[in-house]
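Coordinate inspection notes
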Amino acid sequence: MKNKISIPFVDLARQFRSIEPELTQAFHDVGRSGIYIMGERLSAFERMASEFIGTKHAIGVASGADALFLVMKSLGIGPGDEVITAPNSFLASAWTIIATGATPVFADVSEDMNIDPAQIRRAITVKTRGIIPVHLTGRPADMDAINDIAKEHNLFVLEDAAQAIGAKYKGRRVGSLGTAAAFSLHPLKNLGIYGDGGLITTDDDELASHLMKIRNHGLINRDECELWGYNSRLDPMQAAFAEIKLGYLEKWNERCRSIARVYRESLNQYVEVPRDHDYEYSVYHNFVIRTDKRPELIKHLQLLNIDTRIHYPIPIHLQACASKLGYGLGSFPRTEADAKRILSLPIYPELTDEEVAYVAESVRSYFKRVS
């Protein structure tokens, strides 16, 4: 195989160039408006986002982590409480629980890398207040089973949808399936802006009202503060960029799904590939394969100028910061086994068909060589 193509794991500049005139116009519009905090551009994006997700409210905040934290603070989560989540996610789903003063309790995952409802049941104690299912890699968690458990035990359900905007579970968008949801607008996400940003969605009027205050210091107007809050606002410049990109999101997500189909059909004989359940619509923030030959495959792909990543090589419960939570090696067998075998291939809308075929053939070429 001729080594004629170089494929980075991400290439954010490609997407920027594809919509540069619209982004440039938005920059000028916001710049000329003189309104750089809150304002109509933020409100416009929030209205568009709530309509897209299918919720009554969408609230722009400073990051996806802030979205998780602010929801929990608004629900009164604090010292003495426990919140159940998955150990195979990015750290934010756990450290935001710690930040409230509560304790994260982990439950192992299923084959789809999402939290296992059966393991959630085993993790519930008298201190449990809520569940944070993570729609990892853009695949929706089993929300019916999770909501049934939550209803049975009077728990909140906060969807960590950071990687899954646009995904659907039984015809409904993620972000509309629990008490509230947290989205990330980080540049690497499916709906990524040009810096940090986040979004909260909910149908709960009282919760939304509280969130809109605490994201803005607790103010009810310029001069009156109703409660102690935080400074976590999505800037109108970034909101304007997000509004433009949201108009392209379904097209981009469909492109990622088509790339995933190529990878799945090309590689299923050589590695374990993700397969959608009949009831789900995954947006493939990451395309994660499993193989016992991961180190060798990574080196092979590096020689062919194909960049890969591992999401994530060290589970949260094995991180140094989690040492006092009482977990150790062997606590979550599925998560730990996956961490040794998972590998993320490049997947983003701007990849050409030639590049996708090159990645697939490069993976196949390794296994053909060693078979």
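In case you missed it, the structure is sitting above this.
Here we summarise the structure given alongside this text. A quick note: this is a predicted structure, and the numbers were derived from the prediction, not measured.

Moving on to the pattern of salt bridges. Overall, the coordinates contain 23 salt bridges when judged by the stated rule. We note a salt bridge from R139 to E280, for which the minimum N-O separation is 2.7 Å. Within this pair, whereas R139 is found in the loop between strand 4 (128–132) and helix 7 (143–153), its partner E280 is found in strand 10 (residues 280–281), the two being separated by 141 residues in sequence. Of the two residues, R139 and E280, both sit in the buried class. Two residues, E226 and K213, come together in a salt bridge whose shortest N-O distance is 3.0 Å. Of this pair, E226 sits in the loop between helix 8 (205–214) and helix 9 (236–246) while K213 sits in helix 8, placing them 13 residues apart in sequence. Residue classification places E226 among the partly exposed residues on the basis of a relative accessible area of 48%. Relative accessible area serves as the criterion here: at 19%, K213 is assigned to the buried category. A single salt-bridge network, built from bridges that share partners, covers E111, R290, R334 and D338.

Bringing the packing of aromatic side chains into the picture now. Counting across every chain of the model gives 13 aromatic pairs. Here Y327 and F332 contribute two aromatic rings whose centre-to-centre distance is 5.1 Å and whose plane-to-plane angle is 50 degrees, an arrangement assigned as tilted. Among the aromatic residues, ring-to-ring pairing joins F16, Y194 and F241 into one connected group. Sitting over the ring of F52, R173 keeps its end group 4.0 Å from the ring centre. One Lys or Arg, R257, reaches over the ring of Y281 and ends 4.0 Å from the middle of that ring.

Attention now moves to the sheet that holds strand 5 (residues 156–160). Within the open sheet, the seven strands sit side by side as 1-9-8-5-4-2-3. Their pairing is mixed. Only two strands of the sheet have a single partner each, and these edge strands are strand 1 (57–61) and strand 3 (103–106). Within the sheet, the average angular offset between the axes of one strand and its neighbour, ignoring direction, is 25 degrees. The strands touched by helix 3 (residues 40–53) within the sheet are strand 1, strand 8 (180–184) and strand 9 (198–202), with strand 1 carrying the most contacts at an inclination of about 130 degrees. Contacting strand 4 and strand 5, helix 7 runs over the sheet at an angle of about 150 degrees to strand 5.

Reading across from one edge, 7-6-10 is the order of the three strands in this open sheet, with antiparallel pairing throughout. Each having just a single partner strand, strand 7 (172–173) and strand 10 make up the two edges of the open sheet. Pairing analysis gives two bridges linking strand 6 (residues 168–169) to strand 7, with the strands arranged antiparallel. Paired with K168 across the strands is R173, a residue of strand 7.

Across the interface, helix 3 lies against helix 9 with an axial gap of 8 Å and an inter-helix angle of 35 degrees. As helix 3 packs across helix 9, the resulting crossing turns out to be left-handed. Two secondary-structure elements touch here, helix 3 through R41, L42, A44, F45, M48, A49 and F52 and helix 9 through P236, A239, A240, A242, E243 and L246. Taken together, the residues of the contact of helix 3 with helix 9 sort by class into eleven nonpolar, no polar and two charged.

Structurally, S74 can be placed in helix 4 (residues 64–74). The exposure class assigned to S74 is buried, which follows from its relative accessible area of 17%. Within the structure, S74 has its side chain in polar contact with the side chain of H210 (distance 2.9 Å). Here S74 is in contact with L207, H210, L211 and I214, once residues within four sequence places are set aside.

On the surface, V10, L12 and L188 cluster together to form a nonpolar patch covering roughly 230 Å² of accessible area. As for its placement among the helices and strands, L188 is situated in the loop between strand 8 and strand 9.

Applying the stated criterion to the full structure yields two cavities of 30 Å³ or more. Lining the largest cavity we find E111, D112, M113, T137, R139, E272, V273, P274, N286, V288 and R290. In this model, the second largest cavity occupies a volume close to 70 Å³. Surrounding the second largest cavity, N88, M113, H311, Y312, I314, P315, T335, D338, A339 and I342 form its lining. Here the element with the most residues in the lining of the second largest cavity is helix 12 (residues 333–339); it accounts for three residues. Of the residues assigned to the lining of the second largest cavity, the class counts are six nonpolar, three polar and one charged.

This part covers the pairing of strand 4. Within strand 4, four of the five residues are buried, which leaves it mostly tucked inside the rest of the structure. With four bridges joining them, strand 2 (residues 82–85) and strand 4 adopt parallel strand pairing. Looking at strand 4, one finds that E82 is bridged to T128. Relative to strand 5, strand 4 runs parallel, the two being bridged by two bridges. By the bridge assignment for strand 5, I131 is matched with V157. At this point the chain moves from strand 4, through helix 7, to the parallel strand 5, and the crossover so formed is right-handed.

About the criteria used
- Residues numbered from 1 in each chain as written.
- Predicted model: local features only at pLDDT ≥ 70, side-chain atom pairs only at ≥ 80, totals over all residues.
- Heavy atoms only, no water.
- Salt bridge = Lys/Arg side-chain N within 4 Å of Asp/Glu carboxyl O.
- Helix = DSSP H or I, 4+ residues; strand = E, 2+ residues; numbered from the N terminus.
- Buried < 20%, exposed > 50% of the residue type's maximum accessible area, 1.4 Å probe, protein only.
- Phe/Tyr/Trp six-rings, centres within 6.5 Å; stacked < 30°, edge-to-face > 60°.
- Lys NZ or Arg CZ within 6 Å of the ring centre and 35° of its normal.
- Pairing = 2+ DSSP bridges.
- Axes fitted to C-alpha atoms, helices over the stretch in contact; angles between N-to-C directions.
- Contact = heavy atoms within 4.5 Å.
- Left-handed = near helix turned anticlockwise from the far one by under 90°.
- Nonpolar A, V, L, I, M, F, W, Y, C, P; charged D, E, K, R; others polar.
- Polar contact = N/O pair within 3.5 Å; in protein donor to acceptor, adjacent residues only side chain to side chain.
- Patch = residues over 30% accessible without salt bridge, like charges linked within 9 Å, V, L, I, M, F, W, Y side chains within 5 Å.
- Areas by Shrake-Rupley, 256 points an atom, 1.4 Å probe, with all protein chains shown as cover.
- 1 Å grid on protein atoms, 1.4 Å probe; cavity = no way out; pocket = protein on both sides within 12 Å on 5 of 7 lines; lining within 4 Å.
- Points joined across faces, edges and corners; volume = space filled by probe spheres on them.
- Right-handed = clockwise from strand over helix to strand, strands pointing away.

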